[in-house]
Amino acid sequence: MTDCANILILPGWQGSGPQHWQSLWQTRHGYPRVEQHDWMRPLRGDWIARLEDVILSTNAPAVLVAHSLGCMLVAAWASHSRNTHRVKAALLVAPGDVEHESLRPVLASWSPIPLQPLPFKSTLVASQDDPYCSLARAQGFAVAWGSTLVDAGVAGHINADSSLGDWPQGQVLLNELLHS
């Protein structure tokens, strides 16, 4: 069984607000959040360094629970780190397509998106109507990263605006990932 202190919450750009399922999981289950230095102007190198520091400070194995830009962080970190063996698995939810023309100017340091297979098991959850990443693009990420794809149906960006509450279906997916 993985210690809840090793299940790390990785919010996306601007962090996850108090009604976001990641924040609710943090409160309910005690999962620690990887706090970034600047949620509003995320620089890939800074975020990778912070994640590396946190992973090195935890007891292995860590499990990453990423949302939006947090998914890109996992892929970027995994493509550079020599410590990927310290991660057991990742739940990647609603990846934000940083190469989309509307996001590229504000998230310039996040391109190109690493498309190497992740060296740990992962599940990628995507929505059919996510305004920040098409389902087809999310499917491409899942294939490239070697992730199991879960189609969440019509769920927007799978965030607080999606009215998911503490998203019990996500907790089921996390539990399946932990015990597979």
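For the structure, check the block above.
Worth saying up front: this structure is predicted, and the values here are computed from it rather than measured.

A few words on helix α2 (residues 44-57). Taking 1.5 Å of rise per residue, 14 residues should cover 20 Å, and α2 covers 20 Å from first to last C-alpha, within 8% of that figure. Within the span of α2, buried status applies to Arg-44, Trp-47, Ile-48, Leu-51, Glu-52, Val-54 and Ile-55. Buried residues of α2, seen end-on, are gathered within an arc of 165° and therefore sit on one face of the element. Among the exposed residues of α2, those oriented more than 90 degrees off its buried face are Gly-45 and Ser-57. Elements that come into contact with the buried residues of α2 comprise β1 (7-10), β2 (62-67), α3 (69-80) and β3 (87-93).

Scanning the entire structure with this criterion turns up eight aromatic pairs. Taken together, a centroid distance of 4.8 Å and an interplanar angle of 55° make the contact between Trp-21 and Trp-167 tilted. Here Trp-167 lies in the loop between β5 (148-151) and α5 (168-178) and Trp-21 lies in helix α1 (residues 21-29), a separation of 146 residues in the sequence. On the accessibility criterion, Trp-21 (0% relative accessible area) is buried. Look at Trp-167 and you get buried, because its relative accessible area is 5%. Ring centres of Trp-47 and Trp-110 lie 5.6 Å apart, and the angle between their planes is 80°; this geometry places the pair in the edge-to-face category.

Time to look at the pairing of β3. Where burial is concerned, most of β3 is hidden: six out of the seven residues are buried. Regarding the hand of the β-α-β motif, the stretch spanning β2, α3 and β3 is right-handed. Pairing analysis gives five bridges linking β3 to strand β4 (residues 121-126), with the strands arranged parallel. Following the sheet pairing, Leu-91 is matched in β4 by Thr-123.

Glancing now at unusual backbone geometry. The amide bond that connects Ser-111 to the next residue, Pro-112, takes the cis arrangement and shows omega of -5°. Here Pro-112 lies in the loop between β3 and β4. The phi angle at Ser-68 is positive, at roughly 55°, despite the residue not being glycine. Within the element layout of this structure, Ser-68 appears in the loop between β2 and α3. On the basis of relative accessible area, Ser-68 is assigned to the buried category, the value being 12%.

Definitions and cut-offs
- Residues numbered from 1 in each chain as written.
- Predicted model: local features only at pLDDT ≥ 70, side-chain atom pairs only at ≥ 80, totals over all residues.
- Heavy atoms only, no water.
- Helix = DSSP H or I, 4+ residues; strand = E, 2+ residues; numbered from the N terminus.
- Expected span 1.5 Å × (residues − 1).
- Buried < 20%, exposed > 50% of the residue type's maximum accessible area, 1.4 Å probe, protein only.
- Arc of directions from axis to C-beta.
- Contact = heavy atoms within 4.5 Å.
- Phe/Tyr/Trp six-rings, centres within 6.5 Å; stacked < 30°, edge-to-face > 60°.
- Right-handed = clockwise from strand over helix to strand, strands pointing away.
- Pairing = 2+ DSSP bridges.

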